[in-house]
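Single-letter residue listing:
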Amino acid sequence: MLYNRVIELYDSEVQSMADFRSSEIINKPVHEVFDYMIKMENVPELMPFVVKVEKQTEGETGKGTKFVETRMVRGKKISSDVEIINFEQDRTYTTRSNANGLITEYKYDFHEIEEGTQVEMEATVKTSGLVARLTKRFIVNIVKQEDGSQLQYLKEMMEK
């Protein structure tokens, strides 16, 4: 019983911290950068392993909008459900994806600065089960390798 409570406390503490971060300055106004990133059809340009993103809900993109993301993983197409769970126009948004119990959240913050826009990204990977907990660092490294350069790609795409 005590062991389970310790694990729960550990999990809640560990999972509330970002597993990796990234930041870039883009020489464009905030609204242009935000609008480009929130258009999920642009995701394959920013995350090379993503081959397709399909919107599943109607209306404007915002909190609650759902997508299906398809990416190549070791030569196979794998799909995951993605939802925008937080959204403030031109300021911030957070996506949460679920691929077979591996939950990944990306939080993006946009700040107007003299040079244009400062974009900050925090990634949180949530795992469950003992084996997943034990291999979490390995899983995080894979996710970071696949998606960790997205703001660099954003800068390249927007400033060319």
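Our subject is the structure listed above.
As a starting point, this report considers the structure included with it. Nothing here was measured: the structure is a model prediction, and the numbers come from that model. (Residues numbered from 1 in each chain as written. Predicted model: local features only at pLDDT ≥ 70, side-chain atom pairs only at ≥ 80, totals over all residues. Heavy atoms only, no water.)

A tally of regular secondary structure across the protein gives six helices and seven strands. For the protein, long-range pairs separated by at least 24 residues make up 48% of all intrachain contacts whose partners lie at least 6 apart in sequence. Of the roughly 9,700 Å² of accessible surface on the protein, a fraction of 50% belongs to carbon and sulfur atoms. (Helix = DSSP H or I, 4+ residues; strand = E, 2+ residues; numbered from the N terminus. Contact = heavy atoms within 4.5 Å. Areas by Shrake-Rupley, 256 points an atom, 1.4 Å probe, with all protein chains shown as cover.)

We now examine the pattern of salt bridges. When the charged atoms of two side chains lie near each other, side chains of opposite charge can form a pair. For the structure shown, the criterion picks out eight salt bridges. The salt bridge involving Arg-21 is made with Glu-122; its shortest N-O contact spans 3.5 Å. Remark: Glu-122 occurs in strand E7 (residues 116–126) and Arg-21 occurs in strand E1 (residues 20–26); sequence separation between them is 101 residues. The salt bridge involving Lys-107 is made with Asp-109; its shortest N-O contact spans 2.8 Å. Taking relative accessible area as the criterion, Asp-109 reaches 17% and is therefore assigned buried. (Salt bridge = Lys/Arg side-chain N within 4 Å of Asp/Glu carboxyl O. Buried < 20%, exposed > 50% of the residue type's maximum accessible area, 1.4 Å probe, protein only.)

Once that is clear, we can look at helix H6 (residues 150–159). Of the residues making up H6, those classed as buried are Gln-150, Leu-151, Leu-154 and Met-158. For H6, the angular spread of the buried residues around the axis is 95°, confining them to a single face. The secondary structure elements touched by the buried residues of H6 are E1, helix H2 (30–38), helix H3 (43–46), strand E6 (102–113), E7 and helix H5 (136–147). (Arc of directions from axis to C-beta.)

Strands belonging to one sheet form pairs held by backbone hydrogen bonds; the direction of such a pair is parallel or antiparallel. What the seven strands build is an open sheet, ordered E1-E7-E6-E5-E4-E3-E2; its pairing is antiparallel. Of all the strands in the sheet, the pair left with one neighbour each is E1 and strand E2 (50–55). Between one strand axis and the next, the sheet turns by 20° as a mean value, whatever way the strands run. Here E6 runs beside E7; their pairing, made up of 11 bridges, is antiparallel. (Pairing = 2+ DSSP bridges. Axes fitted to C-alpha atoms, helices over the stretch in contact; angles between N-to-C directions.)

Okay, H5 next. Taking 1.5 Å of rise per residue, the 12 residues of H5 would be expected to cover 16 Å, and the 16 Å separating its terminal C-alpha atoms lies within 8% of that figure. Considered for burial, the residues of H5 that qualify are Lys-136, Ile-139, Val-140, Val-143, Glu-146 and Asp-147. For H5, the angular spread of the buried residues around the axis is 130°, confining them to a single face. The exposed residues of H5 that point more than 90 degrees off its buried face are Phe-138 and Gln-145. (Expected span 1.5 Å × (residues − 1).)

Taken as a whole, this structure holds six aromatic pairs when the rule is applied. Aromatic pair Tyr-93 and Phe-110: ring centres 6.1 Å apart, planes at 20°, arrangement stacked. Within this pair, whereas Tyr-93 is found in strand E5 (residues 92–99), its partner Phe-110 is found in strand E6, the two being separated by 17 residues in sequence. Residue Tyr-93 shares its accessibility class with Phe-110, and that shared class is buried. Linked through ring pairs, Phe-34, Phe-87, Tyr-93, Tyr-106, Tyr-108 and Phe-110 together constitute an aromatic cluster. (Phe/Tyr/Trp six-rings, centres within 6.5 Å; stacked < 30°, edge-to-face > 60°.)

Moving on, we get to the packing of H2 against H6. Look at H2 against H6: their axes get within 12 Å of each other, and the N-to-C directions meet at 115°. The element H2 and its partner H6 pack so that their crossing is right-handed. Where H2 abuts H6, its residues Glu-32, Val-33, Tyr-36 and Met-37 lie against Leu-151, Leu-154, Met-157 and Met-158. Looking at the contact of H2 with H6 residue by residue, the classes come out as seven nonpolar, no polar and one charged. (Left-handed = near helix turned anticlockwise from the far one by under 90°. Nonpolar A, V, L, I, M, F, W, Y, C, P; charged D, E, K, R; others polar.)

Our focus in this paragraph is the nonpolar core. The nonpolar side chains of a soluble globular protein tend to be buried, and buried together. Ranked by internal contacts, the top residues of the largest apolar core, which has 31 residues, are Met-37, Phe-110 and Leu-154. Counting residues per element, this core draws most heavily on H2, at six residues. (Core = buried A, V, L, I, M, F, W, Y, C linked by side-chain atoms within 4.5 Å.)

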